[in-house]
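# Commentary on secondary and tertiary structure
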Amino acid sequence: DTLVFRATFSEDVLNVDATDIAVNGATSATVTAVTPVSGSVYDVTVSGGDLAGFNGTVGLDLAAGQNITDGAVNPLPAGEPAIDETYLLDNAGVTLESFTRQNPATSPTSADTLVFRATFSEDVLNVDAADFAVNGATSATVTAVSPISGSVYDVTVSGGDLAGFNGTVGLDLAAGQNITDGAANPLPAGEPPIDETYLLDNAGVTLESF
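These lines cover the structure that appears in this document, whether it is placed above or below.

Read across the open sheet, the three strands follow the order β12-β15-β18; overall the sheet is antiparallel. Edge positions in the open sheet fall to β12 (132-135) and β18 (198-200), since each of these has one partner strand only. Shown here is a sheet whose adjacent strand axes are inclined to one another by a mean of 30 degrees, direction ignored. With three bridges joining them, strand β15 (residues 167-173) and β18 adopt antiparallel strand pairing. Counted as the bridge partner of V169 is Y198 from β18.

Structural data, given as structure tokens:
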């Protein structure tokens, strides 16, 4: 919710304050403080406005009427510096889009290992087996999580009584999951809109009559 840029000049300068610098971007945030670090280095704070919920790029420009000079009263020319870093603000958060059957691709099945594919709305961090729970009466557990990309993970369910289990097996987010996006927005609890399951059939078939 607060961004601090460091402005570095070629020499010591005078008259540097918040009116000399403008925010570049669609945000309504403004320059709220300018703090000298040395005579040629200043920290510029951007905050307020819609910054807490903003999504997009935020940078700095020199204000049109800036009056910065050096000690000999040479004015700072207009224009952008050679190094002009920005922030990408991400307050949208991440969502879980789907749990789908990956391997086997069809259900019912008698497979002893089930692989679900978890797809998120953007790249996520901290994804491991502790973030998922098996949904169903089976004693099988999540035994592996394999990244396919930053936003797609294959989740393996196996072990327990799965080899002889009959019934539905699905996947849930664990109660204590700590998945976030790159901006540390946490993944909310809940199930995805697409939430596929497997029907396990290990009972076998019998010939009942001729």
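Among the nonpolar cores identified, the biggest contains 25 residues, and L114, F120, F132, V157, L171 and I179 are the most heavily contacted of them. If you tally residues by element for this core, the top one is strand β10 (residues 113-120), at four residues. In this structure, V44, L60, I68 and L89 belong to the second largest nonpolar core, which totals 19 residues.

The topology assignment puts V124 in strand β11 (residues 124-125). Sequence separation between V124 and G160 is 36 residues; the distance between their C-alpha atoms is 29 Å.

Another aspect to go through is the packing of aromatic side chains. Across all of its chains, the model carries five aromatic pairs by this definition. With centroids separated by 6.1 Å and ring planes inclined at 70 degrees, the aromatic side chains of F99 and F132 adopt a geometry described as edge-to-face. Of the two residues, F99 is situated in strand β9 (residues 96-103) and F132 in strand β12; the sequence distance between them amounts to 33 residues. For the pair shown, F99 and F132 are each scored as buried. Relative to Y198, the ring of F116 has its centre 5.1 Å away and its plane inclined at 75 degrees; by these criteria the two rings are edge-to-face. Note that F116 is positioned in strand β10 and Y198 in strand β18, a separation of 82 residues in sequence. Assessed through its relative accessible area of 0%, F116 is described here as buried. Y198 sits in the buried class, given a relative accessible area of 0%.

Now for the environment of V23. Here V23 lies in strand β3 (residues 21-24). Separated by 62 residues in the primary sequence, V23 and E85 place their C-alpha atoms 12 Å from one another. Apart from residues lying up to four places away in sequence, V23 is in contact with A29, T30, V31, V46, V58 and G59.

Cut-off values and rules
Residues numbered from 1 in each chain as written. Predicted model: local features only at pLDDT ≥ 70, side-chain atom pairs only at ≥ 80, totals over all residues. Heavy atoms only, no water. Pairing = 2+ DSSP bridges. Helix = DSSP H or I, 4+ residues; strand = E, 2+ residues; numbered from the N terminus. Axes fitted to C-alpha atoms, helices over the stretch in contact; angles between N-to-C directions. Core = buried A, V, L, I, M, F, W, Y, C linked by side-chain atoms within 4.5 Å. Buried < 20%, exposed > 50% of the residue type's maximum accessible area, 1.4 Å probe, protein only. Phe/Tyr/Trp six-rings, centres within 6.5 Å; stacked < 30°, edge-to-face > 60°. Contact = heavy atoms within 4.5 Å.

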